[in-house]
Amino acid sequence: MEIREKPIGIFDSGIGGLTVAKEIMNLMPHENIVYFGDTARVPYGSKSKELITRFAREAASFLMKQDVKMIVIACNTVSATCLEELREMLPVPVVGVIEPGARAAVKATKNGMIGVIGTERTVKSGAYEKAIRMLSGTVKIFSKACPLFVPLVEEGWLDNNVAYFAAKVYLEPLKEEGIDTLVLGCTHYPLLKPMLKRIMGDGVVLVDSARETAAEVAQILSERSLKRTGTGPSCYRFFVSDNPEKFIEVGERFLQRSIDLISVVNPELR
Ligand code: DGL
């Protein structure tokens, strides 16, 4: 098969990476996609660097076996933990979600005060701070782990009292610092956008790294002449490591389209 016609591989710890897949589908409707969600081992956000790195290597190897032309690490936690290792290991372009989000944040801020929210591992890694600092030495960064957001989104509690009060407690300190830009540094957070916008107010720009990542994928495909030329209908295949029923139920909410081709795999098997 000609390389341009091959699918884009996307992986995440589970369902959340569908926010990135959705933006890629919207921006590049002719591309084929193979998505792997590690639903048996999610969440990654509270696990150690070593374990996350092993899981990520297995997911990437699985996607390479599906003959993908590039790999998108849709998971912020994985991108924050082992992006460089995966880039060294893989023979195809690898895109993470941190750099695109950091670039968009630096572009958006006017007062130089940026907030970053994510899982415990993402925040602990300091990856967003590092990426933002590479782009601007003067901005101030305030980070906050919001571990309750992932289960709230998976439960579909996007804007009820429980979600609202949790978000208030997490975000009030960032608001008090006077940030004018907030990076949604986790796959699940774009679904909370309307509520987060209400809490933060109109003066704060919410940076959605899923959208920025899709733009970077488009740019790389175009620069490297990897854009699919076929205009026939695109094919989306989904693989999960457990519980496809839950993936379909919650995933269709994330994706806002139906999930038809889904299989269960064990990424540990080589
Ligand atoms: N996909 C993860 C992220 O973007 C969130 C879910 C998890 O903790 O595995 O950080």
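Residues numbered from 1 in each chain as written. Predicted model: local features only at pLDDT ≥ 70, side-chain atom pairs only at ≥ 80, totals over all residues. Heavy atoms only, no water.

**Student:** Which residues make up the sheet that holds strand E10 (residues 261-264), and what are the values?
**Tutor:** An order of E4-E3-E1-E2-E9-E10 is seen for the 6 strands of this open sheet, with the pairing classed as parallel. Both outer strands of the open sheet, strand E4 (94-95) and E10, are each paired with one neighbouring strand and no more. Two elements, strand E1 (residues 8-12) and strand E2 (residues 33-37), share 5 bridges in a ladder whose sense is parallel. In the sheet register, isoleucine 8 faces E2, and the bridge partner there is isoleucine 33. Strands E1, E2, strand E3 (70-73) and strand E9 (236-240) of the sheet are contacted by helix H2 (residues 49-65), whose axis makes an angle of about 155° with E1. (Pairing = 2+ DSSP bridges. Helix = DSSP H or I, 4+ residues; strand = E, 2+ residues; numbered from the N terminus. Contact = heavy atoms within 4.5 Å. Axes fitted to C-alpha atoms, helices over the stretch in contact; angles between N-to-C directions.)

**Student:** Requested: an account of the packing of helix H1 (residues 18-27) against helix H10 (residues 209-223), with residues and values cited.
**Tutor:** Where H1 contacts H10, the two axes come as close as 8 Å, and the packing angle between them is 50°. Comparing their axes, H10 and H1 come out oblique. For H1 against H10, the interelement crossing comes out right-handed. Counting all contacts with H1, which are made through Thr19, Val20, Glu23, Ile24 and Leu27, the residues of H10 involved are Ala210, Arg211, Thr213, Ala214, Ala215, Val217 and Ala218. For the contact of H1 with H10, the class distribution of residues is 8 nonpolar, 2 polar and 2 charged. (Parallel < 35°, antiparallel > 145°, perpendicular 65-115°, else oblique. Left-handed = near helix turned anticlockwise from the far one by under 90°. Nonpolar A, V, L, I, M, F, W, Y, C, P; charged D, E, K, R; others polar.)

**Student:** Break down the sheet that holds strand E6 (residues 140-145) for me, citing the residues and quoting the values.
**Tutor:** Strand-to-strand pairing in sheets goes through backbone hydrogen bonds, with the strands running parallel or antiparallel. Read across the open sheet, the 4 strands follow the order E6-E5-E7-E8; overall the sheet is parallel. At either end of the open sheet lies a strand with only one pairing partner, and these are E6 and strand E8 (205-208). Strand-to-strand twist across the sheet, computed as the mean angle between neighbouring axes with direction ignored, equals 20°. By the bridge criterion, 5 bridges tie strand E5 (residues 113-118) to strand E7 (residues 181-185) in an arrangement that is parallel. The residue of E7 that forms the bridge with glycine 118 is glycine 185.

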